[in-house]
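What follows is the residue order along each chain.
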Amino acid sequence: MAKTTTKRRYVHGQWSNRWAFILAATGSAVGLGNIWKFPYIAGENGGGAFVLVYILCIAVIGIPIMMGEVMLGRRARQSPINTMRSLSAQEGRNGMWKYVGWMGVAAGFLILSYYSVIAGWALAYVVRTASGMFTIHTADGVANIFGEFVSDPEKLLFWHTVFMVMTVIVVARGVQHGLEKAVRFLMPALFILLLVLVGYAMNTGFFNEGLHFLFDADFSKLTGEGVLTAMGHAFFTLSLGMGAIMIYGSYLPQEASIAKTSITIGIADTVVALLAGLAIFPIVFANGLEPAAGPSLIFETLPVAFGQMPGGTLFGSLFFILLVFAAWTSAISLIEPAVAYLSENHGLDRVMSSAVIGIGVWALGILTAMSFNRWAFNFHFFGKAKENGMFDIFDILTANIMLPLGGILIALFAGWGMRRHSSQDEMQMKSIISYDVWSFIIRYVSPTLTIIILLHLFGFFDRFL
Ligand code: TRP
């Protein structure tokens, strides 16, 4: 990574080229969201129709907003809070825009607190799979093993702690340091292993059931909450709406094309999620499991496959190792805006800022770890039963509310707040037509759709129906 000095007092790094950015941003985007969350929410929301809405949200809302977020980051080259502050000053807008940056920092904090607990499950499953724990078990046995695991707070807290320490260590050393290199071979490796799993799924005899489940759109199975979940997940899986992509964009070299880069990342991320679905659902149907099992889904299905396939212990351990890496590169981007802010504005060095934030996130994570056992409680959310108390609340609050809200504001600022010549200058699109199309989408289409879906959440339209 080349170091360049910017206008500001601190030294701001830069990716060595466009590909380094693509890899890092893909590292941020591809994570538990693709492999753990996408399959289980698709399962809970009936499959096909949900998947279709999700893909539409990626294309019409996600990718255009990603372009906007990268553009803002590269324009200002600072942490999200300072980016919003200095751009609103430069463009002659209200100083309140900096609160978008603040909300992003808060969202990253909240998300990482539960993300780390789940990443801890993946860590534990590296060791468990490697020790051959799943070789002798039926699907029922595998589910029981998982049930026992999550009911033990000590285990969850231990692995949550390990994962937070791993995250803080990398962030303390500086994001681009080592990350570029690691992602370069880990992403392709994860991709290949997913293909192996899909290959196994093809041999279960239930591949067609899996295909139909994921791609036959039966809209009678899709609820309003499902639509909201699909949209929220489009933000979550692309790491949008909280400044993570903005801060990575701030390290993007000036000559790289923002549009091409964002489209590449959006496609790569979607392909990984669909492959995960194609690997998991045939196993679900072959073993008579429940597609709507919830957050436990991959931990109850994949070990069954690893128990049965030749070389399963090796492939299984490798798979969970790669899942941990995918989660790691995402976790780093969740904490980076907060750490960058502390070190830019409060004179703390990176090590101190990472430690301070890491401890805070770790403490908050205890609530999630306990929500799967001692502190579990049930509640209803739009007719759907939720049973993991604080985990569900954090998930709904961030993915369904804060990220879409942050995304709308980022879209509005990129589309309306930035003067045309500034954004056009930064986007550097080859043809004016592409710029105009993007500008139209980000000004009108993405925010309107997002607002309609959000208002639906609050039951706004119910009174008219
Ligand atoms: N996109 C990541 C995933 O799918 C999670 C993530 C990383 C994220 N950074 C983010 C989500 C910023 C929202 C905002 O696992």
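Rules behind the numbers
Residues numbered from 1 in each chain as written. Predicted model: local features only at pLDDT ≥ 70, side-chain atom pairs only at ≥ 80, totals over all residues. Heavy atoms only, no water. Near = heavy atom within 4 Å. Polar contact = N/O pair within 3.5 Å; in protein donor to acceptor, adjacent residues only side chain to side chain. Areas by Shrake-Rupley, 256 points an atom, 1.4 Å probe, with all protein chains shown as cover. Helix = DSSP H or I, 4+ residues; strand = E, 2+ residues; numbered from the N terminus. Nonpolar A, V, L, I, M, F, W, Y, C, P; charged D, E, K, R; others polar. pLDDT = per-residue confidence, 0-100. Contact = heavy atoms within 4.5 Å. Buried < 20%, exposed > 50% of the residue type's maximum accessible area, 1.4 Å probe, protein only. Core = buried A, V, L, I, M, F, W, Y, C linked by side-chain atoms within 4.5 Å.

**What to know about the site of the ligand**
At step 1: If you check the shell around the ligand, you find 17 residues, and the closest are Ala-29, Gly-33, Tyr-115, Phe-236 and Ser-239.
At step 2: Residue Phe-236 places a main-chain N or O atom 2.8 Å away from a nitrogen atom belonging to the ligand.
At step 3: Here the ligand loses 100% of its free accessible area of 360 Å² to cover by the protein chains.
At step 4: Those elements that place two or more of their residues in the shell around the ligand are α1 (18-29), α2 (32-44), α5 (98-130), α10 (224-237) and α14 (312-345).
At step 5: For the shell around the ligand, the residue count by class is nine nonpolar, eight polar and no charged.

**Points about the environment of Arg-350**
At step 1: Along the polypeptide, Arg-350 turns up in helix α15 (residues 350-371).
At step 2: Separated by 177 residues in sequence, Arg-350 and Arg-173 place their C-alpha atoms 7.3 Å apart.
At step 3: Polar contacts involving the side chain of Arg-350 include one to the side chain of Glu-336, which spans 2.8 Å.

**Let's talk about the confidence of the model for the protein chain**
At step 1: On average, residues of the protein chain score 90 in pLDDT, and 93% of them reach the 70 mark or higher.
At step 2: Ignoring residues within four places in sequence, the model shows residues 1-11, a span with pLDDT below 50, making 19 contacts including any to other chains.

**Some points on helix α4 (residues 80-90)**
At step 1: With eight of 11 residues buried, α4 lies mostly within the body of the structure.
At step 2: Those residues of α4 that are buried are in contact with α3 (48-76), α5, α11 (244-249), α14 and α16 (389-417).
At step 3: Gly-92 sits one or two positions beyond α4 and adopts a positive phi of about 70°.

**As for the side chain of Glu-426**
At step 1: The topology assignment puts Glu-426 in helix α17 (residues 420-427).
At step 2: A distance of 2.9 Å separates a polar atom in the side chain of Glu-426 from a polar atom in the side chain of Gln-254.
At step 3: Aside from chain neighbours lying at most four places away, what touches Glu-426 is Met-71, Arg-74, Arg-75, Gln-254 and Ile-258.

**Overview of the side chain of Ser-446**
At step 1: By secondary structure assignment, the location of Ser-446 is in helix α18 (residues 432-457).
At step 2: Within the structure, Ser-446 has its side chain in polar contact with the backbone oxygen of Val-60 (distance 3.3 Å).
At step 3: Those residues in contact with Ser-446 that sit more than four places away from it in its chain are Val-60, Ile-61, Pro-64, Ile-65 and Ile-441.

**Digging into the nonpolar core**
At step 1: Judged by nonpolar contacts, the single largest core of 163 residues is most densely connected at Ile-35, Trp-36, Leu-72, Trp-121, Tyr-125, Phe-149 and Phe-319.
At step 2: Among all residues touching Ile-35, those that are not within four sequence positions of it are Leu-190, Leu-194, Val-272, Ala-276, Ile-280, Ile-298, Phe-319 and Leu-323.

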